[in-house]
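Structure assessment
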Amino acid sequence: MSVRVEFFYDLSSPWTRLAFHNFRAAIAGRDVAVTWRPFLVGGVFNAVNQSVYESRANPDNPKFRLSFVWLKEWARLAGLRMNFPSEFHPVKSVHAMRFCCALEDRPEDLLHFSEAAFEAYFGDARNIDDPAVLEDIANACGLDGAALRTAAGSDDVKARLRANTDEAIARGAYGSPTIFVDGAFMYFGNDQLPLVLQRIDMVAAG
(Lines give C-alpha, C1' and ligand atoms only; values in the text may rest on other atoms or scores of the structure.)
Protein backbone atom coordinates (compact mmCIF):
# COMPACT_ATOMS: atom_id res chain seq x y z
CA MET A 1 0.00 0.00 0.00
CA SER A 2 1.24 3.50 -0.87
CA VAL A 3 2.57 5.65 1.96
CA ARG A 4 0.36 8.71 2.34
CA VAL A 5 2.07 12.11 2.39
CA GLU A 6 0.43 15.53 2.68
CA PHE A 7 2.53 18.47 1.53
CA PHE A 8 1.24 21.84 2.78
CA TYR A 9 2.87 24.69 0.88
CA ASP A 10 2.80 28.37 -0.03
CA LEU A 11 4.26 29.67 -3.30
CA SER A 12 5.86 32.70 -1.63
CA SER A 13 8.35 30.65 0.41
CA PRO A 14 11.87 30.17 -1.05
CA TRP A 15 12.57 27.16 1.17
CA THR A 16 9.32 25.64 -0.06
CA ARG A 17 10.42 26.19 -3.64
CA LEU A 18 13.48 24.05 -2.84
CA ALA A 19 11.55 21.39 -0.94
CA PHE A 20 8.85 21.17 -3.60
CA HIS A 21 11.52 20.30 -6.17
CA ASN A 22 13.76 18.16 -3.98
CA PHE A 23 10.94 16.11 -2.47
CA ARG A 24 9.56 15.14 -5.84
CA ALA A 25 13.01 13.99 -6.98
CA ALA A 26 13.66 12.12 -3.74
CA ILE A 27 10.49 10.01 -3.81
CA ALA A 28 11.13 8.69 -7.31
CA GLY A 29 11.03 4.92 -7.06
CA ARG A 30 9.12 4.96 -3.77
CA ASP A 31 5.45 4.01 -3.50
CA VAL A 32 4.14 7.33 -2.18
CA ALA A 33 0.71 8.90 -2.59
CA VAL A 34 1.18 12.67 -2.30
CA THR A 35 -1.62 15.14 -1.66
CA TRP A 36 -0.57 18.71 -2.42
CA ARG A 37 -2.25 21.06 0.07
CA PRO A 38 -2.12 24.79 -0.75
CA PHE A 39 -2.37 27.00 2.32
CA LEU A 40 -1.59 30.57 3.38
CA VAL A 41 1.66 30.74 5.31
CA GLY A 42 0.94 34.33 6.36
CA GLY A 43 -2.12 33.07 8.19
CA VAL A 44 0.05 30.51 9.95
CA PHE A 45 2.60 33.15 10.96
CA ASN A 46 -0.11 35.44 12.26
CA ALA A 47 -1.60 32.64 14.36
CA VAL A 48 1.42 30.83 15.79
CA ASN A 49 4.77 32.19 14.53
CA GLN A 50 5.00 35.97 14.64
CA SER A 51 8.73 35.72 15.38
CA VAL A 52 9.18 35.53 11.60
CA TYR A 53 8.18 39.18 11.34
CA GLU A 54 10.54 40.12 14.15
CA SER A 55 13.50 38.54 12.34
CA ARG A 56 12.65 40.37 9.11
CA ALA A 57 12.56 43.66 11.02
CA ASN A 58 16.24 43.24 11.95
CA PRO A 59 18.16 42.74 8.67
CA ASP A 60 21.48 42.96 10.57
CA ASN A 61 20.73 39.73 12.39
CA PRO A 62 23.55 37.32 11.35
CA LYS A 63 21.18 34.39 10.93
CA PHE A 64 18.89 36.49 8.74
CA ARG A 65 21.78 37.66 6.54
CA LEU A 66 23.31 34.23 6.18
CA SER A 67 19.98 32.59 5.39
CA PHE A 68 20.03 34.20 1.94
CA VAL A 69 23.57 32.92 1.34
CA TRP A 70 22.60 29.40 2.34
CA LEU A 71 19.39 29.64 0.32
CA LYS A 72 21.32 30.29 -2.87
CA GLU A 73 23.76 27.49 -2.08
CA TRP A 74 20.83 25.09 -1.62
CA ALA A 75 19.39 26.33 -4.93
CA ARG A 76 22.70 25.75 -6.69
CA LEU A 77 22.82 22.23 -5.26
CA ALA A 78 19.30 21.55 -6.55
CA GLY A 79 19.97 23.09 -9.96
CA LEU A 80 17.32 25.77 -9.48
CA ARG A 81 17.35 29.47 -10.24
CA MET A 82 16.96 31.60 -7.11
CA ASN A 83 16.63 35.28 -8.02
CA PHE A 84 15.69 36.18 -4.47
CA PRO A 85 15.00 38.44 -2.72
CA SER A 86 13.47 40.35 -5.60
CA GLU A 87 11.69 43.70 -5.64
CA PHE A 88 8.45 41.91 -4.75
CA HIS A 89 9.73 40.32 -1.53
CA PRO A 90 7.94 39.73 0.74
CA VAL A 91 5.10 39.03 -1.67
CA LYS A 92 1.50 38.60 -0.60
CA SER A 93 0.44 35.15 -1.73
CA VAL A 94 -3.31 35.10 -1.19
CA HIS A 95 -4.15 35.40 -4.91
CA ALA A 96 -1.58 32.79 -5.87
CA MET A 97 -2.79 30.33 -3.27
CA ARG A 98 -6.39 30.82 -4.31
CA PHE A 99 -5.36 29.89 -7.86
CA CYS A 100 -3.80 26.74 -6.38
CA CYS A 101 -6.88 25.92 -4.32
CA ALA A 102 -9.01 26.25 -7.45
CA LEU A 103 -6.90 23.40 -8.88
CA GLU A 104 -6.76 21.26 -5.76
CA ASP A 105 -9.14 18.66 -7.18
CA ARG A 106 -6.97 18.42 -10.32
CA PRO A 107 -3.62 17.35 -8.85
CA GLU A 108 -1.65 17.13 -12.09
CA ASP A 109 -2.75 20.61 -13.15
CA LEU A 110 -2.04 21.88 -9.64
CA LEU A 111 1.46 20.41 -9.79
CA HIS A 112 2.23 21.98 -13.18
CA PHE A 113 0.84 25.38 -12.21
CA SER A 114 2.69 25.40 -8.89
CA GLU A 115 6.01 24.53 -10.50
CA ALA A 116 5.51 27.26 -13.11
CA ALA A 117 4.53 29.81 -10.48
CA PHE A 118 7.57 28.96 -8.35
CA GLU A 119 9.79 29.45 -11.39
CA ALA A 120 8.06 32.71 -12.30
CA TYR A 121 8.61 34.18 -8.84
CA PHE A 122 12.01 32.78 -7.87
CA GLY A 123 13.52 32.46 -11.34
CA ASP A 124 12.03 35.35 -13.31
CA ALA A 125 11.22 37.67 -10.37
CA ARG A 126 7.62 38.14 -11.49
CA ASN A 127 4.92 39.43 -9.16
CA ILE A 128 2.71 36.49 -8.20
CA ASP A 129 0.49 38.84 -6.21
CA ASP A 130 -0.86 40.11 -9.55
CA PRO A 131 -3.84 38.06 -10.81
CA ALA A 132 -2.95 39.00 -14.40
CA VAL A 133 0.49 37.45 -13.95
CA LEU A 134 -1.05 34.33 -12.44
CA GLU A 135 -3.49 34.10 -15.34
CA ASP A 136 -0.58 34.33 -17.77
CA ILE A 137 1.30 31.59 -15.89
CA ALA A 138 -1.78 29.37 -16.08
CA ASN A 139 -2.15 29.96 -19.82
CA ALA A 140 1.51 29.05 -20.34
CA CYS A 141 0.76 25.73 -18.58
CA GLY A 142 -2.00 24.98 -21.07
CA LEU A 143 -4.74 25.86 -18.60
CA ASP A 144 -7.62 28.30 -19.08
CA GLY A 145 -6.16 31.23 -17.17
CA ALA A 146 -9.27 33.40 -17.34
CA ALA A 147 -11.52 30.61 -16.04
CA LEU A 148 -9.03 29.79 -13.31
CA ARG A 149 -8.88 33.45 -12.27
CA THR A 150 -12.66 33.54 -12.00
CA ALA A 151 -12.72 30.33 -9.98
CA ALA A 152 -9.99 31.64 -7.69
CA GLY A 153 -12.21 34.56 -6.74
CA SER A 154 -15.18 32.39 -5.78
CA ASP A 155 -16.42 32.08 -2.22
CA ASP A 156 -15.91 28.31 -2.31
CA VAL A 157 -12.22 28.62 -3.17
CA LYS A 158 -11.66 31.37 -0.61
CA ALA A 159 -13.27 29.13 2.01
CA ARG A 160 -11.10 26.18 0.95
CA LEU A 161 -7.91 28.20 1.40
CA ARG A 162 -9.02 29.31 4.87
CA ALA A 163 -9.94 25.72 5.75
CA ASN A 164 -6.58 24.35 4.57
CA THR A 165 -4.75 27.00 6.58
CA ASP A 166 -6.83 26.40 9.70
CA GLU A 167 -6.30 22.66 9.40
CA ALA A 168 -2.53 23.05 9.12
CA ILE A 169 -2.46 25.27 12.21
CA ALA A 170 -4.63 22.84 14.16
CA ARG A 171 -2.24 20.01 13.26
CA GLY A 172 0.81 21.90 14.49
CA ALA A 173 2.17 23.71 11.42
CA TYR A 174 4.23 26.85 11.96
CA GLY A 175 5.61 27.48 8.47
CA SER A 176 5.95 26.27 4.88
CA PRO A 177 6.41 23.60 3.81
CA THR A 178 4.80 21.40 6.42
CA ILE A 179 4.82 17.73 5.53
CA PHE A 180 2.79 14.96 7.15
CA VAL A 181 3.66 11.30 6.62
CA ASP A 182 1.01 8.68 7.30
CA GLY A 183 -1.28 11.34 8.75
CA ALA A 184 0.59 11.72 12.02
CA PHE A 185 4.30 12.43 11.60
CA MET A 186 5.01 16.12 10.93
CA TYR A 187 8.14 17.60 9.36
CA PHE A 188 9.11 21.12 8.38
CA GLY A 189 11.34 22.61 5.73
CA ASN A 190 13.73 21.53 3.03
CA ASP A 191 16.42 20.42 5.48
CA GLN A 192 14.15 17.81 7.06
CA LEU A 193 13.54 15.94 3.81
CA PRO A 194 15.96 13.15 4.83
CA LEU A 195 13.76 12.60 7.89
CA VAL A 196 10.67 12.57 5.69
CA LEU A 197 12.22 9.89 3.48
CA GLN A 198 13.32 7.87 6.49
CA ARG A 199 9.78 7.96 7.88
CA ILE A 200 8.31 6.99 4.50
CA ASP A 201 10.59 3.96 4.39
CA MET A 202 9.74 3.04 7.98
CA VAL A 203 6.01 3.21 7.30
CA ALA A 204 6.41 1.24 4.06
CA ALA A 205 8.31 -1.45 5.93
CA GLY A 206 5.49 -1.74 8.47
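Heads up: the structure comes first, above all this text.
Parameters and conventions
- Residues numbered from 1 in each chain as written.
- Predicted model: local features only at pLDDT ≥ 70, side-chain atom pairs only at ≥ 80, totals over all residues.
- Heavy atoms only, no water.
- Helix = DSSP H or I, 4+ residues; strand = E, 2+ residues; numbered from the N terminus.
- Rg over C-alpha atoms; globule rule 2.2 N^0.38 Å.
- Buried < 20%, exposed > 50% of the residue type's maximum accessible area, 1.4 Å probe, protein only.
- Lys, Arg positive; Asp, Glu negative; His and termini not counted.
- Charge placed at Lys NZ, Arg CZ, Asp CG, Glu CD.
- Pairing = 2+ DSSP bridges.
- Axes fitted to C-alpha atoms, helices over the stretch in contact; angles between N-to-C directions.
- Disulfide = S-S within 2.5 Å.
- Polar contact = N/O pair within 3.5 Å; in protein donor to acceptor, adjacent residues only side chain to side chain.
- Contact = heavy atoms within 4.5 Å.
- Salt bridge = Lys/Arg side-chain N within 4 Å of Asp/Glu carboxyl O.

Let's shift gears to the overall build of the protein. Of the regular secondary structure elements, the protein holds 10 helices and 4 strands. Reading the protein from its N end, one meets helices and strands in the order β-α-β-α-α-α-α-α-α-α-α-β-β-α. Rg of the C-alpha trace for the protein: 17 Å, near the compact-globule value of 17 Å for 206 residues, within the 12% margin. Once the C-alpha set of the protein is aligned to its principal axes, its extents read approximately 45 × 45 × 35 Å. Burial statistics for the protein: of 206 residues in total, 44% are counted as buried. In the protein, 21 positive and 26 negative side-chain charges are present, and the distance between their average locations comes to 3 Å.

For the rest of this paragraph, the subject is the sheet that holds strand β3 (residues 178–181). The pairing of strands in a sheet comes from backbone hydrogen bonds and takes either a parallel or an antiparallel form. An order of β2-β1-β3-β4 is seen for the 4 strands of this open sheet, with the pairing classed as mixed. Bordering the open sheet on either side are β2 (32–38) and β4 (185–188), each of which pairs with just one other strand. The sheet shows a mean angle of 20 degrees between the axes of neighbouring strands, direction not considered. As defined by bridge partners, strand β1 (residues 3–9) adjoins β3 across 4 bridges and the pair is classed as antiparallel. What sits directly across from E6, in β3, is F180.

What follows concerns the state of the cysteines. Per the stated rule, a full pass over the model turns up 0 disulfides. C100 carries a free sulfur, and the closest cysteine sulfur to it, the one in C101, is 7.1 Å from it. Of the cysteine sulfurs around C141, a residue in no disulfide, the closest is that of C100, at 10 Å.

In this section: the side chain of E6. Along the chain, E6 turns up in strand β1. A relative accessible area of 7% places E6 in the buried class. There is a polar contact of 3.5 Å between the side chain of E6 and the side chain of R4. A polar atom in the side chain of E6 sits 3.5 Å from the side chain of R37. Excluding its chain neighbours within four sequence positions, the residues that come into contact with E6 are T35, R37, E167, R171, T178, I179, F180 and G183.

Here the residue pair F84 and P85 is connected by a cis peptide bond, since its omega of 0 degrees sits within 30 degrees of zero. As for its position among the elements, P85 is in the loop between α4 (62–78) and α5 (94–102).

Okay, the pattern of salt bridges next. Oppositely charged side chains can form a pair if their charged atoms are brought close together. Counted under the stated rule, the structure contains 17 salt bridges. R17 is the salt-bridge partner of E119, the closest N and O atoms lying 3.2 Å from each other. Placement of E119 in helix α6 (residues 107–123) and of R17 in helix α1 (residues 14–26) is noted, with a sequence separation of 102 residues between them. For the salt bridge of E104 with R37, the shortest nitrogen-to-oxygen distance reads 3.3 Å. With E104 in the loop between α5 and α6 and R37 in strand β2, the pair connects residues that are 67 residues apart, well separated along the chain. Classification of R37 by relative accessible area gives buried; the value is 10%. Salt bridges linked by common partners bring R4, E6, R37, E104, D105, R160, E167 and R171 together as one network.

All right, on to the environment of A120 then. Among the structural elements, A120 can be located in helix α6. Taking C-alpha positions, A120 is 9.1 Å from V133, a pair spaced 13 residues apart along the chain. If we ignore the near neighbours within four places in the chain, the residues touching A120 are A125, R126 and I137.

Geometric descriptors of this kind do not, in isolation, establish any biological role.
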